[in-house]
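# Understanding the architecture of this molecule
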Amino acid sequence: MRMSDMPAKPDILLVDDVPENLRLLHGMLGEAGYSVRGVRSGDMALTVMETKPPDLILLDVMMPELDGFETCKRLKADAETRDIPVIFLTATVETEDIVHGFELGAVDYVTKPFNATELLARVHTHLEIQRLRRELEQYNEQLEQKVQERTAEVRAAHQILERQAKELEGRDRLSHAQM
């Protein structure tokens, strides 16, 4: 995705089976200037990915059917969604769960109850990292294109020099033969 393709307001997908949590987060993030969508299950989150992937996902761990860990695992296994930052936002505070979340590819792990200011700072930080990563990818693509162009120019110049060298060599032989 190019910088020009990014929405003016970063799009955040909330995934939590508790409607009150979705309302609270939707209000808080909306007031902070983000475009916010909420779904109540991991399955719904995966379905949303097919039509309009978000810029960042806040994902609860403890949900019925498809929990947050499995949802994250599936997101990270898909080339289309693997680069979307996932922040776990959950009441699960066990160290092994936190480590497992990071092993699955989450960029952050915030425990409930959370501090709104801290959560907003983390969301902002990870969106900024994502923006910079995309910008770096774009610059790398431009640099690769320039390298290919310059390589083609050097090859063309090399062929011209080889032809000129052969011509000079031929002239030199002719010159020696005439002498």
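What you see is a predicted model; the values in this text were computed from it and never measured.

## Describing the pattern of salt bridges
According to the stated counting rule, one finds 14 salt bridges in the structure shown. Here D108 makes a salt bridge to R122, at a shortest N to O gap of 2.6 Å. Residue D108 is found in strand β5 (residues 108-111), and its partner R122 is found in helix α5 (residues 116-178); the two are separated by 14 residues along the sequence. Overall, the relative accessible area of 25% leaves R122 in the partly exposed class. Across the pair R133 and E137 runs a salt bridge whose closest N-O atoms are separated by 2.1 Å. In this pair, R133 and E137 are both assigned in helix α5, four residues apart and thus about one turn of the helix distant. Residue E137 is classed as partly exposed on the basis of its relative accessible area, which comes to 33%. Via salt bridges that share partners, D11, R37 and K52 belong to a single interconnected network.

## Describing the sheet that holds strand β1 (residues 11-15)
The five strands lie next to each other as β2-β1-β3-β4-β5, forming an open sheet whose pairing is parallel. Each edge of the open sheet is held by one strand with a lone partner, namely β2 (35-39) and β5. Strand-to-strand twist in this sheet, taken as the mean axis angle between neighbours without regard to direction, amounts to 20°. The sheet contact formed by strand β3 (residues 56-59) and strand β4 (residues 86-90) spans three bridges and is parallel. Paired with L59 across the bridge in β4 is F88. Where helix α2 (residues 42-51) meets the sheet, it contacts β1, β2 and β3, and its direction lies at approximately 155° from that of β1. Lying on the sheet, helix α3 (residues 68-77) is in contact with β3 and β4; it crosses β4 at an angle near 175°.

## A look at the confidence of the model for the protein chain
Should the pLDDT be low somewhere, the predicted coordinates at that spot are not to be read in detail. Across the protein chain, the average pLDDT comes to 91, with 96% of residues at or above 70. Per-element mean pLDDT across the protein chain ranges from 90 in α5 up to 98 in β3.

Conventions we followed
Here the residue numbering is sequential within each chain, running from 1 through the sequence in written order. The predicted origin of the model limits local features to residues at a pLDDT of at least 70 and limits the giving and counting of side-chain atom pairs to 80 or more, whereas totals for whole chains, interfaces and linings rest on all residues. Hydrogens and water molecules were not included; the side-chain quantities draw on all heavy atoms of the structure. In what follows, salt bridge is the name for a side-chain nitrogen of Lys or Arg lying within 4 Å of a carboxyl oxygen of Asp or Glu. In this description a helix means any DSSP run of H or I spanning at least four residues, a strand means any run of E spanning at least two, and both kinds are numbered starting from the N terminus. The buried label goes to any residue with under 20% of its type's maximum accessible area, the exposed label to any with over 50%, and the partly exposed label to all in between, with areas taken from a 1.4 Å probe on protein chains only. For two strands to pair, DSSP has to find at least two bridges joining them. Under this scheme, a helix contributes an axis fitted over its contacting stretch, all axes are lines through C-alpha atoms, and angles between N-to-C directions fall in the 0 to 180 degree range. By definition, residues are in contact when any of their heavy atoms lie within 4.5 Å. A score between 0 and 100, pLDDT records how confident the predictor is in each residue.

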